[in-house]
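Observations on chain architecture
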Amino acid sequence: QSVLTQPPSASGTPGQRVTISCSGSSSNIGNNYVYWYQQLPGTAPKLLIYRNNQRPSGVPDRFSGSKSGTSASLAISGLRSEDEANYHCAAWDGSLIGPVFGGGTKLTVL
Amino acid sequence: EVQLVESGGGLVQPGGSLRLSCSASGFTFSNYHIHWVRQAPGKGLVWVSRVSSDESPTTYADSVKGRFTVSRDNAKNTVYLQMNSLSAEDTAVYYCARDRDWVIYDYWGQGTLVTVSS
């Protein structure tokens with residue numbers, strides 16, 4: 001059971017906008033930044049969003065992050081087939097004194 | 001080019017031990033903390049441990065504290081994860097990752113699979 005809660009799956013059609021949620025508590029998301037990692041099939045995770053809504057160099061602006069209270073969301077606009085991947089949210093947890101992750105959301109592009 | 005390459009995974013019996021290695025290249029290794037993150041088959045990511053750039057301090061998830069030991073040899077650009085008293089719950093792909101912050105991992109290895117089974 002992961003500390004952060006994500007839906008196990010999400011889907012959309014090419015060009016559509018999809019959002020993936022990540023729910024936590026005051027010990028993690030509520031008082032710390034949220035991060036998102038993209039994991040393409042059979043590969044290692046890749047940093048997608050850091051500090052709630054910042055994109056590393058090279059990440060398209062189709063990807064955006066937001067946070068409100070103890071929840072966060074990843075939005076992908078203009079969905080493309082290459083976006084099909086697992087998406088993981090993460091945050092620092094002040095009670096566990098370590099990073100925590102969600103269970104991951106498998107995004108399918110129909 | 002920054003590269004992290006894990007090795008040492010394999011099949012081990014419950015109660016057994018295994019040592020993983022993470023060999024780094026393409027950057028000044030001694031300037032960076034390194035993390036271990038694992039992923040059980042079909043499951044999410046779980047943070048395991050962090051070793052600081054100069055080997056101290058080291059930090060562990062509660063689930064591995066007392067059983068796993070992380071260390072590094074900056075002369076060899078290598079981080080090690082010694083895993084003892086392994087159980088089926090430790091079965092996972094183990095990734096090493098370079099730290100830019102506690103939750104920012106900018107480079108990852110390809111992972112090494114550890115299977116604990118009799």
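The following refers to the structure shown. (Residues numbered from 1 in each chain as written. Chains lettered and ligands numbered in written order. Predicted model: local features only at pLDDT ≥ 70, side-chain atom pairs only at ≥ 80, totals over all residues. Heavy atoms only, no water.)

1. Considerations on the sheet that holds strand E5 (residues 63-68) of chain A
Residues and elements named next belong to chain A. Spatial strand order, E2-E6-E5: three strands in an open sheet with antiparallel pairing. Every other strand in the sheet has two partners, leaving strand E2 (18-23) and E5 as the edge strands with one partner each. Averaged over neighbouring strand pairs, the angle between their axes works out to 20 degrees when direction is ignored. (Pairing = 2+ DSSP bridges. Helix = DSSP H or I, 4+ residues; strand = E, 2+ residues; numbered from the N terminus. Axes fitted to C-alpha atoms, helices over the stretch in contact; angles between N-to-C directions.)

2. Notes on the interface of chain B and chain A
Tallying the contact residues gives 15 residues for chain B and 18 residues for chain A. Buried surface at the junction of chain B and chain A, summed over both partners, amounts to about 1,500 Å²; 68% is from carbon and sulfur atoms. When residues of chain B are sorted by the area they lose upon contact with chain A, Leu 45, Val 103 and Ile 104 of chain B head the list and together hold 41% of the total. The interface formed by chain B and chain A holds one salt bridge in total. Put simply, Asp 101 of chain B and Arg 51 of chain A hold a salt bridge, and the shortest N to O gap is 3.0 Å. Put simply, the parts of the chain that give the side of chain B that touches chain A at least two residues each are strand E4 (34-39), strand E5 (45-51), strand E9 (92-101) and strand E10 (104-108) of chain B. (Contact = heavy atoms within 4.5 Å. Buried area = accessible area lost by both parts, 1.4 Å probe. Salt bridge = Lys/Arg side-chain N within 4 Å of Asp/Glu carboxyl O.)

3. Structural notes on the side chain of His 35 of chain B
Residues and elements named next belong to chain B. One can find His 35 in strand E4. You can call His 35 buried: its relative accessible area is 0%. Those residues in contact with His 35 that lie beyond four places of it in its chain are Trp 47, Ser 49, Arg 50, Tyr 95, Cys 96, Ala 97, Asp 99, Asp 101, Trp 102 and Tyr 105. (Buried < 20%, exposed > 50% of the residue type's maximum accessible area, 1.4 Å probe, protein only.)

4. Some thoughts on the layout of surface pockets
When its volume is computed, the largest pocket comes out at roughly 960 Å³. What lines the largest pocket is a set of 42 residues, among which Gln 1, Ser 2 and Phe 101 of chain A together with Leu 45 and Val 46 of chain B lie closest to the centre. Looking at the lining of the largest pocket, the elements with two or more residues in it are strand E7 (85-93) and strand E8 (98-101) of chain A together with E4, E5, strand E6 (58-60) and E9 of chain B. Looking at the lining of the largest pocket element by element, the count peaks at four residues for E8 of chain A. Its residues assigned to classes, the lining of the largest pocket shows 18 nonpolar, 19 polar and five charged. Empty space within the second largest pocket amounts to approximately 350 Å³. Looking at the lining of the second largest pocket, the elements that each hand over two or more residues are strand E4 (46-49) of chain A together with strand E1 (3-7) and E10 of chain B. A per-element tally of the lining of the second largest pocket places E10 of chain B first, with four residues. (1 Å grid on protein atoms, 1.4 Å probe; cavity = no way out; pocket = protein on both sides within 12 Å on 5 of 7 lines; lining within 4 Å. Points joined across faces, edges and corners; volume = space filled by probe spheres on them. Nonpolar A, V, L, I, M, F, W, Y, C, P; charged D, E, K, R; others polar.)

5. Considerations on the packing of aromatic side chains
We describe a pair of aromatic rings using the distance from one ring centre to the other and the angle between the two ring planes. Within the structure shown, the criterion is met by nine aromatic pairs over all chains. Seen from their ring centres, Tyr 37 of chain A and Tyr 105 of chain B are 5.9 Å apart, and the 25 degrees between their planes marks the pair as stacked. Taken together, the residues span two chains, with Tyr 37 of chain A in strand E3 (residues 34-39) and Tyr 105 of chain B in strand E10. Under the relative-accessibility criterion, Tyr 105 of chain B is labelled buried at 0%. Of the aromatic side chains, those joined through ring pairs into one cluster are Tyr 37 and Phe 101 of chain A together with Tyr 95, Tyr 105 and Trp 108 of chain B. (Phe/Tyr/Trp six-rings, centres within 6.5 Å; stacked < 30°, edge-to-face > 60°.)

6. Some thoughts on the sheet that holds strand E8 (residues 78-83) of chain B
Residue and element names in this part refer to chain B. The sheet built from four strands is open, its strands ordered E1-E3-E8-E7 with antiparallel pairing. Two strands bound the open sheet, and with one partner strand each, they are E1 and strand E7 (68-73). Neighbour-to-neighbour, the strand axes of this sheet turn through a mean angle of 15 degrees, independent of strand direction. As judged from the six bridges shared by strand E3 (residues 18-25) and E8, these two strands associate in the antiparallel manner. The residue bridging Ser 21 from the neighbouring strand is Tyr 80, located in E8.

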